[in-house]
Amino acid sequence: EVKVFYHLYRQQAVFNPRSGENGPLDPAQYEFFTQYQGATSTPDEELAPSELASYLQHGDAINDNGRSLRNLLLQLHSLQRVTTLCIDQDFDVFIFARADLAYHDAIDPRAVRFCARHARGCVIPEWQWWSGCNDRFAICGRSAARTYGFRLQAAQAYCAQGSTSLHAETFLHGVLRSAGIKLRVTSARASRIRLGGLKHEEDFNPMANIVGGRRRKLHLQLLRMASRWM
């Protein structure tokens, strides 16, 4: 049995200088989701300017005047909203999937079996680590789903304790590690779809975007460990 839940932001246009997107958003794109259980809200309803300002005090990881940080916080708020909708229901496996991705591969049955066996199991993409863990999509056991979906609740303490800015992949890695999550990876691919239907060219090489030095060694160890289905 599979059930679908969603949270989406209602907005009339998309403006993102980093991705080059700037234009109106077709309201018809929301209609597909009305067959499922979910909720919508506006970005301003989820994220107050004071919250963004509080995180900017720890720095701006992407150095784009907080625009990417704002998008990350909106993502984390959305994850929290949709997790709240489904987490207390009697599911064995939870799949967090962004709606703006084109998925090229079917879900690996090993990932589903692994997370059904291990409540703290979490399966993420093996590509685009960016000094942490890819946060595009995830397959989770019951306990890992709480950690993954509610990680916004740990964000302020993470920044304060580490005296660091909030960075999507690094933060996810820190949260999963602190919670003792059993991490595994999947080769399943997904590409971002930009405004107007343009597909973003992605690098799916597992070795790409892993920084050098000691951190590279740690990520290589993590990649080898997370490739073992057991």
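Only a predicted model underlies this, so the values are computations on that prediction, with no experimental measurement involved.

What counts and what doesn't
- Within any chain, residue numbers begin from 1 and follow the written order of that chain's sequence.
- Residue-level local features of this predicted model are given only where pLDDT is at least 70; pairs of side-chain atoms are given and counted only at 80 or more, and the full residue set underlies all totals for whole chains, interfaces and linings.
- Side-chain descriptors were evaluated using all non-hydrogen atoms of the structure, hydrogens and water having been removed beforehand.
- A run of DSSP states H or I qualifies as a helix once it reaches four residues; a run of E qualifies as a strand once it reaches two. Both are numbered from the N-terminal end.
- Computation of the radius of gyration draws on C-alpha atoms, with the globule rule given as 2.2 Å multiplied by the number of residues to the power 0.38.
- Contact between two residues is taken to exist if any of their heavy atoms lie within 4.5 Å; hydrogens are not considered.
- Note on areas: Shrake-Rupley with a 1.4 Å probe; residue coverage comes only from the protein chains shown.
- Charge assignment in this entry is limited to Lys and Arg as positive and Asp and Glu as negative, and neither His nor the chain termini are counted.
- Note on charges: their place is set at NZ of Lys, CZ of Arg, CG of Asp or CD of Glu.
- Grouping into patches uses exposed residues only, defined as over 30% relative accessible area, and leaves out salt-bridged ones; the cut-off is 9 Å for like charges and 5 Å for nonpolar side chains (Val, Leu, Ile, Met, Phe, Trp, Tyr).
- A pairing counts as a salt bridge when a side-chain nitrogen of Lys or Arg comes within 4 Å of a carboxyl oxygen of Asp or Glu.
- Strands are labelled as partners when DSSP assigns at least two bridges between them.
- Angles here are taken between N-to-C directions and fall from 0 to 180 degrees, while the axes themselves are lines fitted to C-alpha atoms, restricted in helices to the stretch in contact.

(A) Geometry of the overall build of the protein. Counting its secondary structure elements, the protein contains eight helices and ten strands. Relative to its length of 230 residues, the protein is compact, with a C-alpha radius of gyration of 17 Å against a globular reference of 17 Å. Structurally, the protein occupies a C-alpha span of about 45 × 45 × 35 Å along its principal axes. Considering only residue pairs separated by 6 or more positions, the protein has 72% of its internal contacts joining residues 24 or more positions apart. As displayed, the protein has an accessible area near 12,500 Å², and 49% of this comes from carbon and sulfur atoms. Computing the positive centroid from 28 side-chain charges and the negative centroid from 22, the protein places the two 10 Å apart.

(B) Quick peek at a nonpolar patch on the surface. Together, Ile95, Ile107 and Val112 give the surface a local cluster of nonpolar side chains, amounting to about 230 Å² of exposed area. Within the fold, Ile107 resides in the loop between strand 6 (101-103) and helix 4 (109-117).

(C) Layout of the sheet that holds strand 9 (residues 182-186). Pairing is mixed across the open sheet formed by four strands, whose spatial order is 5-8-7-9. The open sheet is flanked by strand 5 (94-97) and strand 9, the only strands paired with a single partner. Ignoring which end each strand starts from, the neighbouring axes of this sheet average 20° apart. For strand 7 (residues 121-125) and strand 8 (residues 137-140), the ladder comprises two bridges, and the chain directions are antiparallel. The residue bridging Val123 from the neighbouring strand is Ile139, located in strand 8.

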